[in-house]
Amino acid sequence: MKKTNYRKVLLSKRSELLSDFQSKLDTLVGPGPAAPEDLAPVFHEQFIALRINRLDYLQLKLIDAALARMDSGNYGACMDCEGPISSRRLEAIPWASRCIACQELAASVHDFAPLAERAA
């Protein structure tokens, strides 16, 4: 896939995420005045919407970073080893900033970080 196609995919996903933010605002605003015993499901829906919004926001930041790498000419290069990111990986995850080997290493280090913090 050409870089211009990756840009189109990234911009499309970015637009989708931004429109999802708008649609979730109704859930976050809530139904208005309600009896206290009726608020539990509303709070639950708001909690879920906030968690999803957080994940969407993080993905939006990754997309924006990928678009910035495109503009600077660094798109498709691993941010750790500076080797190429495979086209198969970029087709699956166009906002990927690491090659598979470096991503696996980063994930394994990240997974064990909380254990090391608890041991200290």
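Rules behind the numbers
- Residues numbered from 1 in each chain as written.
- Predicted model: local features only at pLDDT ≥ 70, side-chain atom pairs only at ≥ 80, totals over all residues.
- Heavy atoms only, no water.
- Helix = DSSP H or I, 4+ residues; strand = E, 2+ residues; numbered from the N terminus.
- Buried < 20%, exposed > 50% of the residue type's maximum accessible area, 1.4 Å probe, protein only.
- Lys, Arg positive; Asp, Glu negative; His and termini not counted.
- Salt bridge = Lys/Arg side-chain N within 4 Å of Asp/Glu carboxyl O.
- Polar contact = N/O pair within 3.5 Å; in protein donor to acceptor, adjacent residues only side chain to side chain.
- Contact = heavy atoms within 4.5 Å.
- pLDDT = per-residue confidence, 0-100.
- Core = buried A, V, L, I, M, F, W, Y, C linked by side-chain atoms within 4.5 Å.
- Phe/Tyr/Trp six-rings, centres within 6.5 Å; stacked < 30°, edge-to-face > 60°.

The next subject is the side chain of Arg69. With respect to the helices, strands and loops of the structure, Arg69 is situated in helix H2 (residues 39-72). Buried charge Arg69 goes without a salt bridge, the closest partner of opposite sign being Asp80 at 10 Å. A distance of 3.3 Å separates the side chain of Arg69 from the backbone oxygen of Trp95, its partner in a polar contact. Excluding its chain neighbours within four sequence positions, the residues that come into contact with Arg69 are Asn74, Tyr75, Trp95, Ala96 and Ser97.

A few words now on the environment of Ser86. Looking at the element boundaries, Ser86 is found in the loop between H2 and helix H3 (87-92). What makes Ser86 partly exposed here is its relative accessible area of 36%. With 10 residues separating them in the primary sequence, Ser86 and Gly76 have C-alpha atoms 7.7 Å apart.

Another aspect to go through is the confidence of the model for the chain. The predicted model of the chain has a mean per-residue pLDDT of 84, with 83% of residues at 70 or higher. Within the chain, helix H4 (residues 100-119) has the poorest average pLDDT of any element, 70, and H3 the best, 94.

The next point concerns the nonpolar core. Counting 17 residues, the largest nonpolar core has Leu10, Ile63, Met70, Tyr75 and Leu90 as its most contacted members. Among the elements of the structure, helix H1 (3-29) and H2 are those that each provide at least two residues to this core. The leading source of residues in this core is H2, at 5 residues.

Once that is clear, we can look at the packing of aromatic side chains. Two measures describe an aromatic ring pair: the distance that separates the ring centres and the angle between the ring planes. All told, the structure shown has 1 aromatic pair when counted by the stated rule. Between Tyr6 and Tyr75, the aromatic rings sit 5.6 Å apart at their centres with planes inclined by 50°, giving tilted as the arrangement. Of this pair, Tyr6 sits in helix H1 while Tyr75 sits in the loop between H2 and H3; the two residues are 69 residues apart in sequence, bridging distant segments of the chain. Like Tyr6, the residue Tyr75 is buried in the burial classification.

Moving on: the pattern of salt bridges. Scanning the model with the defined rule gives 4 salt bridges in all. In this structure, the salt-bridge partner of Asp71 is Arg7, at a minimum N-O distance of 2.7 Å. One end of the pair, Asp71, is in helix H2; the other, Arg7, is in helix H1, and 64 residues separate them in sequence. Its relative accessible area of 60% is what places Asp71 among the exposed residues. Residue classification places Arg7 among the partly exposed positions, given a relative accessible area of 29%. Across the salt bridge formed by Asp80 and Arg98, the nearest N and O atoms sit 2.7 Å from each other. In this pair, Asp80 is assigned in the loop between H2 and H3 and Arg98 in the loop between H3 and H4, connecting sequence segments 18 residues apart.

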